[in-house]
Amino acid sequence: MEHNRNAKVSRVTGETDITLEFDIDGTGKADINTGIGFFFFFLNRFARHGLFDLKVDLKGDLEVDCHHSIEDCGIVLGTAIKEAVGDKKSIKRFGSVILPMDESLCLCSLDLSGRPYLVFDAEFTTNRVGDFDTEMVKEFFYAVSYAAGMNLHIKMLESGNNHHMIECIFKAFAKALKEAIKVEHDQIPSTKGVL
């Protein structure tokens, strides 16, 4: 590896003010302040299960709703992933996992190809879990995939309790990303020679 695989990204708009620090080669330490309890819970799971160090300080217009905060956090996290990976030399590039969470089962497969695309196949049966709008799961991962330049597929193979489904998705994403960023050779993993 030619650089430290970490990034610090800030983004300020009329709706949100976010600073995020991300270390791919961390130990699972999380210091997260979002103002959205359920979102904190899942970003924490992402860090712990991916063994990423993640620090998030998010101030958003929660008096409106949670939409801008979660979507913009996805943009910032995706940007941090892209910056931390760098030129992608020596990484595996692809990562896939099928992960259970009680009755729920999630497939997450991704390619750090530089070409953003999201396929999201999960249907929730409630509008909210805690202070988190369930429709924001897709919006978050859409923002991550496009900011990171990542082809990302998320598919619930078995649905169930909405809390379990969302937790399953975040953990599966963490594990798939961890696999994709593994160092396993000294080349750019593409026949084009660039990603």
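Anyway, here's the lowdown on the structure attached to this text. Just so we're clear, the structure is a prediction, and the values are computed from it rather than from any experiment.

### Details of the sheet that holds strand 10 (residues 151-158)
Point 1. Spatial ordering of the open sheet is given by 5-6-10-7, a layout of 4 strands whose pairing is mixed. Two strands bound the open sheet, and with one partner strand each, they are strand 5 (94-101) and strand 7 (117-121). In this sheet, neighbouring strand axes are inclined to one another by 10° on average, regardless of whether the strands run parallel or antiparallel.
Point 2. Examined bridge by bridge, strand 5 and strand 6 (residues 104-111) share 8 bridges and lie antiparallel to one another. Across the sheet, residue Ile98 finds its bridge partner in strand 6, namely Leu107.
Point 3. Together, strand 7 and strand 10 form the strand contacts of helix 3 (residues 136-148), whose direction differs from that of strand 7 by roughly 160°.
Point 4. Sitting on the sheet, helix 4 (residues 162-180) touches strand 5, strand 6, strand 7 and strand 10, and the angle it makes with strand 5 is about 150°.

### Brief notes about the sheet that holds strand 3 (residues 30-33)
Point 1. Strand order in this open sheet of 4 strands is 1-2-4-3, and the pairing throughout is mixed. At either margin of the open sheet sits one strand with a lone partner, and together these are strand 1 (6-12) and strand 3. Each strand of the sheet is rotated relative to its neighbour by a mean of 5°, with strand direction disregarded.
Point 2. In the sheet, strand 3 pairs with strand 4 (residues 53-60) via 4 bridges, with the strands oriented parallel.

### Brief notes about the environment of Met101
Point 1. Relative to the elements of secondary structure, Met101 occurs in strand 5.
Point 2. A relative accessible area of 15% means that Met101 is categorised as buried.
Point 3. Each residue touching Met101, except ones within four places of it in the same chain, is listed here: His164, Glu167, Cys168 and Lys171.

### Comments concerning the environment of Asp53
Point 1. Topologically, Asp53 is positioned in strand 4.
Point 2. A sequence separation of 104 residues divides Asp53 from Leu157, and the C-alpha atoms of the two residues are 29 Å apart.
Point 3. Leaving out residues up to four positions away in the same chain, Asp53 has contacts with Glu21, Phe22, Asp23, Gly26, Thr27, Gly28 and Lys29.
Point 4. Of the polar contacts made by the side chain of Asp53, one reaches the backbone nitrogen of Lys29; its length is 3.0 Å.

### Section: helix 1 (residues 37-50)
Point 1. Helix length check: helix 1 (14 residues) gives 20 Å between terminal C-alpha atoms against 20 Å at 1.5 Å per residue, within 8%.
Point 2. Within helix 1, burial applies to Phe38, Phe39, Phe42, Leu43, Asn44, Phe46, Ala47 and Gly50.
Point 3. Just past helix 1, the residue Leu51 takes up positive phi, approximately 55°.

### Some words on the packing of aromatic side chains
Point 1. Evaluated as defined, the whole model comprises 16 aromatic pairs.
Point 2. Judged by centre distance (6.3 Å) and plane angle (20°), the rings of Phe38 and Phe41 are stacked. One end of the pair, Phe38, and the other, Phe41, are both in helix 1, 3 residues apart, so they sit about a helical turn from each other.

Cut-off values and rules
- Residues numbered from 1 in each chain as written.
- Predicted model: local features only at pLDDT ≥ 70, side-chain atom pairs only at ≥ 80, totals over all residues.
- Heavy atoms only, no water.
- Pairing = 2+ DSSP bridges.
- Helix = DSSP H or I, 4+ residues; strand = E, 2+ residues; numbered from the N terminus.
- Axes fitted to C-alpha atoms, helices over the stretch in contact; angles between N-to-C directions.
- Contact = heavy atoms within 4.5 Å.
- Buried < 20%, exposed > 50% of the residue type's maximum accessible area, 1.4 Å probe, protein only.
- Polar contact = N/O pair within 3.5 Å; in protein donor to acceptor, adjacent residues only side chain to side chain.
- Expected span 1.5 Å × (residues − 1).
- Phe/Tyr/Trp six-rings, centres within 6.5 Å; stacked < 30°, edge-to-face > 60°.

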